[in-house]
There are 2 protein chains.
Amino acid sequence: MTSAGAKNAAASVNLPVGFACHVGNIGMKDETDDVMVLASSRVAATAGVFTKSLFAGASVRLSRANVADGRAQAVVVVSKNANVATGEQGERDAANLAQRVAELVGCESDQVLVGSTGVIGVRYPEGKVDAYFDKLAADAEGTVPAAQRADGPMARRGGPTGDGNVEDVSHRGGQGLWKADAAAAAAAIMTTDTHPKTASAAAGPGSVVGIAKGSGMIEPDMATMISVITTDAEIAPDRLDAMLRRVCDVTFNALSVDTDTSTSDMVVILANGAAGQVDEAELEAALGAVSLDLTRQLAFDGEGAETLIVVNVNEARDDAQAKRVAKAIVNSPLVKTAVHGCDPNWGRVAMAIGKCSDETDIDPGRVRIRFGSQEVYPTPATPEALGELEAYLASDEVLISVDLGIAGGAFTAYGCDLTDQYVRINADYTT
Amino acid sequence: MTSAGAKNAAASVNLPVGFACHVGNIGMKDETDDVMVLASSRVAATAGVFTKSLFAGASVRLSRANVADGRAQAVVVVSKNANVATGEQGERDAANLAQRVAELVGCESDQVLVGSTGVIGVRYPEGKVDAYFDKLAADAEGTVPAAQRADGPMARRGGPTGDGNVEDVSHRGGQGLWKADAAAAAAAIMTTDTHPKTASAAAGPGSVVGIAKGSGMIEPDMATMISVITTDAEIAPDRLDAMLRRVCDVTFNALSVDTDTSTSDMVVILANGAAGQVDEAELEAALGAVSLDLTRQLAFDGEGAETLIVVNVNEARDDAQAKRVAKAIVNSPLVKTAVHGCDPNWGRVAMAIGKCSDETDIDPGRVRIRFGSQEVYPTPATPEALGELEAYLASDEVLISVDLGIAGGAFTAYGCDLTDQYVRINADYTT
């Protein structure tokens, strides 16, 4: 599995059998890659979770509709422009993008999911999407669309066959239009990310490979920033959907960079069945590992962040209470700045627990707080231990543990420190 | 009324008739003033609102008990140490402080309210409080305690008489122990504040004078940082309590610097009746004006803040919905950094509204957003108007207005921008 420990680790990983990606520059903002198309060689079982934002963008609304039948064949992600709050023109732009990708891949447009992140309230530059796909079509003249190059239009096959022997578009040349490299796909969807984020895990005869982007405006609300996960395992859409929701709850939804929920969040998974059936527990474990890995990478690459903060709350009344307390701690600007200042100021952790004033069964007299393995409350740390904690807080990853002393509920939340750099990045972003 | 417009305005205002303050240095942390005693020449009608934090400190717990009967004669506020999470010793320290102040003032110890802010989890330096009050008592040898110098022990008078002619301790010499200067009292309770905060307003024949401190760890939860308000108006405790709660809801409780709720928040008001009865509507207007003025000063002096942000939400389903939306906007790190960067990035305001995902009756199609008087959504601002907005966002005070287009609910929230300096102050605070 890809490690999130090293902030700039360049992960080299291929997409699972039957998946390929295309990356390029439409010209949304500058000359860097700003479009990524990920296609399956046949229709895949698909599930997605999306932002609950009331200002959800045109892409999210279109994807929500297209994922409803549990089947999709391609995902397109545009970066540098969110296509949010762009009115009816934004709806048409999202639909047109899906249509152009469907033509490229050779599938139906309602089997294309669309993601888009970047600036809010600005429509896509007029004509650039069509110009880009016109040029792609001209370049690919005479080649067979991705989905039709294997054994006929996958869109009409009615879903995965489980034969494990689908022709693998990702390993064919095709004029360089399609690649198997997940890192290239991850790089093309970056906005303020400092490095591409990929993760992979084996699942029996198949594999799970995920990519993700996002480093600010991150506090997923039953959804998250953009992550696209692929697997060649075979699984029914409804079981995939339930599995994705269980996994998201303890991974992407346990993440917060700045308490701000994006209008463009989405996590989608495509399972094309090329590797045949996989033990579901094993698949869920692999999906969980990939999602957690990506979550940690996102937290560690939070805007301006220097430290990954993991908050582990135990002995809560239930998991939901543990989650509320863990989120209060990981979101507290004062806890985040204390970690940034390498200051073992546990009083701010106590303050953050205290903020959860609806949790009246929390008794400060039963609470225990630790930094790493060092208890700091109620047993005070010795001056020597405090000195060691300052060094510990300067490391890449800091664990804050809280026992509430009530029952067996537990939750782990992921976040990052708050730095001068976060302020600079966000004060200087658009103008 | 004192203006909050000028950040370093030195307000010179005397406490109302019958009130006096004493300030000094106990040695909690350094040589600056760290104790303030505010006393009434007789028992005053009293009301208070306190933090809802589960980790409420010993001072808050003691004050909550002592304010319950609606009567008090003195308030003592210690700065540089919160006496929070200090166990049973902390309880004894708070009780001892109240006792020593009672002896100084000449009242019962259960008529003393105690406030304390500063570092959490460290007990008062041993012996220093007693040494300080021993010395005060020795210095004052031969002088009459404050409350006994007028017409006998006020504590046994049974409350305000309404004669408007109580001897005014605040204007006597008394070896310089007592002063009438509200700014001196406000200065003595500062922690990371950059200037003392006072406000005053006339109320018929009397006046309302308030002081406040606080610039970080501020998101009051039905209470606030520390504010002490005095009036010589005569009013029954139960009516004073109801009035204070109504006023706090739209002033101190509309304030957020960083979403972090202090363990030490309190607002108390003492009404000693020296000016006799005052029309209650007039008194409430004066209390509202003083509280709003202090709230704006607190927001403007938020840690590291350069800009006061006022968020005005109208046309909500009800005031409660308007408050949730206004708080989401004023608390958004991305809105706060956009203002800091003078960036009219209204997409972040839309994002913050969108975060209120439980408010399903909010329709983005009916929402309107303005910076100052300039609409930015749904009607886009012209390039010229955007240029003017950049200049507007560089001013001392920025107004963000949102109309939800639902009904008549409204709320105004107060906050500040998020700056590099906030991070530096809080990364460097204790160690």
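Conventions adopted
- Residue positions are counted from 1 within each chain, in the order its sequence is given.
- Here the convention is simple: chains get letters from A, ligands get numbers from 1, in the order in which they are written.
- In keeping with the predicted nature of the model, local features appear solely for residues at pLDDT of at least 70, side-chain atom pairs appear and are counted solely at 80 or more, and the whole-chain, interface and lining totals rest on all residues.
- Side-chain figures throughout are based on the complete set of non-hydrogen atoms in the structure, without hydrogens or water.
- Helix and strand labels come from DSSP, where a helix needs a run of H or I of at least four residues and a strand needs a run of E of at least two; each type is numbered from the N terminus.
- Each residue is placed in one exposure class: buried if its accessible area under a 1.4 Å probe, protein chains only, is under 20% of its type's maximum, exposed if it is over 50%, and partly exposed if it falls in between.
- Where accessible areas are quoted, they stem from the Shrake-Rupley method and a 1.4 Å probe; at the residue level, only the protein chains shown are allowed to cover.
- Each aromatic pair joins two rings of Phe, Tyr and Trp (for Trp, the six-membered one) with centres within 6.5 Å, and gets the label stacked for planes under 30 degrees apart, edge-to-face for over 60, and tilted for any other angle.
- Least squares is the method for superposing the copies, and the C-alpha atoms it fits come from residues with pLDDT of at least 70 in both.
- Residues count as neighbours in contact if any of their non-hydrogen atoms are within 4.5 Å of one another.
- The term buried area refers to how much accessible surface (probe radius 1.4 Å) is lost by two components on association, counted for both of them together.
- The salt bridge definition used is simple: a Lys or Arg side-chain nitrogen within 4 Å of an Asp or Glu carboxyl oxygen.
- Think of it this way: DSSP has to see at least two bridges between two strands before they count as a pair.
- Regarding the arc, it is the one traced by the directions from the helix axis to the C-beta atoms.
- Interaxial angles span 0 to 180 degrees and are taken between N-to-C directions of axes, which are lines fitted to C-alpha atoms, for helices over the stretch in contact.
- The cut-offs work like this: below 35 degrees is roughly parallel, past 145 is roughly antiparallel, 65 to 115 is roughly perpendicular, and the gaps in between are oblique.
- In this scheme the crossing of two helices becomes right-handed for a clockwise turn of the near helix relative to the far one and left-handed for an anticlockwise turn of less than a right angle.
- Polar here means any residue outside two lists: the nonpolar Ala, Val, Leu, Ile, Met, Phe, Trp, Tyr, Cys and Pro, and the charged Asp, Glu, Lys and Arg; Gly therefore counts as polar.

A. Geometry of the overall build of chain A. When helices and strands are counted, chain A shows 11 helices and 13 strands. Split into buried and exposed, the 431 residues of chain A put 62% on the buried side. Approximately 14200 Å² of chain A is accessible, and the part contributed by carbon and sulfur atoms is 49%.

B. A look at the packing of aromatic side chains. In this structure the tally under the stated criterion is 6 aromatic pairs over all chains. With a centroid separation of 5.8 Å and an interplanar angle of 65°, the aromatic rings of F55 of chain A and Y377 of chain B are classed as edge-to-face. A residue pair is termed interchain when its members come from two chains, as with F55 of chain A in the loop between β2 (35-50) and α1 (58-67) and Y377 of chain B in strand β11 (residues 374-377). One exposure class covers both F55 of chain A and Y377 of chain B, and it is buried.

C. Spotlight on the relation of the copies chain A and chain B. Turning chain A through 180° and shifting it by 0.0 Å along the axis lays it on chain B, with an RMSD of 0.0 Å. Such a combination of turn and shift is consistent with a two-fold rotation axis. Minimal C-alpha separation from the rotation axis in chain A is found for D420 of chain A, amounting to 2.3 Å. Here 100% of the interface residues in chain A have copies in chain B that are interface residues too; the copies meet face to matching face.

D. Main features of unusual backbone geometry. With an omega of 5°, the peptide bond between Y377 of chain A and P378 of chain A qualifies as cis. Following the sequence through the fold, P378 of chain A ends up in the loop between β11 (374-377) and α10 (383-393). For K80 of chain B, which is not a glycine, the phi torsion comes out positive at approximately 80°. Positionally, K80 of chain B belongs in strand β3 (residues 71-81). One non-glycine residue, N83 of chain B, lies in the positive phi region at around 50°. Counting through the fold element by element, N83 of chain B comes out in the loop between β3 and α2 (87-105). Of the residues examined, N83 of chain B reaches a relative accessible area of 1% and is grouped as buried.

E. Main features of the interface of chain A and chain B. The interface is formed by 52 residues belonging to chain A together with 52 residues belonging to chain B. Of the roughly 4300 Å² buried where chain A meets chain B, counting both sides, 63% is carbon and sulfur surface. Of all residues in chain A, L54, F55 and L334 of chain A bury the most surface against chain B, accounting for 17% of the area lost on that side. Applying the counting rule to chain A against chain B returns 2 salt bridges. Measuring nitrogen to oxygen at the nearest pair gives 3.0 Å for the salt bridge that ties D420 of chain A to R424 of chain B.

F. Inspection of helix α9 (residues 346-354) of chain A at higher detail. Counting buried positions over the 9 residues of α9 of chain A gives 9, a clear majority of the element. Of the residues making up α9 of chain A, those classed as buried are W346, G347, R348, V349, A350, M351, A352, I353 and G354 of chain A. Looking at the buried positions of α9 of chain A, the neighbouring elements they touch are α7 (319-331), α8 (333-340), β10 (368-371), β11 and β12 (397-403) of chain A together with α11 (420-427) of chain B.

G. Summary view of the pairing of strand β5 (residues 197-203) of chain A. All names here are of chain A. Counting buried positions along β5 gives 6 out of 7 residues, so the element sits mostly inside the fold. Here β5 pairs with strand β6 (residues 206-213) via 7 bridges, running antiparallel. Looking at β6, one finds that A202 is bridged to S207. Here β5 folds back onto β6 in antiparallel fashion, the turn holding 2 residues, of which G204 has a positive phi close to 55°.

H. Molecular detail of α11 of chain B. Residues of α11 of chain B that are buried include every one of D420, Y422, V423, N426 and A427 of chain B, and no others. In an axial view of α11 of chain B, the angular spread of the buried residues amounts to 165°, which keeps them on one side of the axis. On its buried side, α11 of chain B packs onto α8, α9 and α11 (420-427) of chain A together with α8 (333-340) of chain B.

I. Structural view of the packing of helix α1 (residues 58-67) of chain B against α2 of chain B. All names here are of chain B. At a closest axis distance of 9 Å, the pairing of α1 and α2 adopts a crossing angle of 50°. As summarised for this structure, α1 and α2 are arranged oblique, according to the angle between their axes. In the packing of α1 onto α2, the handedness of the crossing is right-handed. Within the contact between the two elements, α1 uses A58, S59, R61 and L62 and α2 uses G90, E91, A94, A95 and A98. Of the residues that constitute the contact of α1 with α2, the class distribution is 5 nonpolar, 2 polar and 2 charged.

J. Seen up close, the pairing of strand β13 (residues 409-416) of chain A. All names here are of chain A. Most of β13 sits inside the fold, with 6 of its 8 residues counted as buried. Taken together, the 7 bridges between strand β9 (residues 308-316) and β13 define a ladder with antiparallel strand orientation. Across the sheet, A316 pairs through a bridge with G409, a residue of β13.

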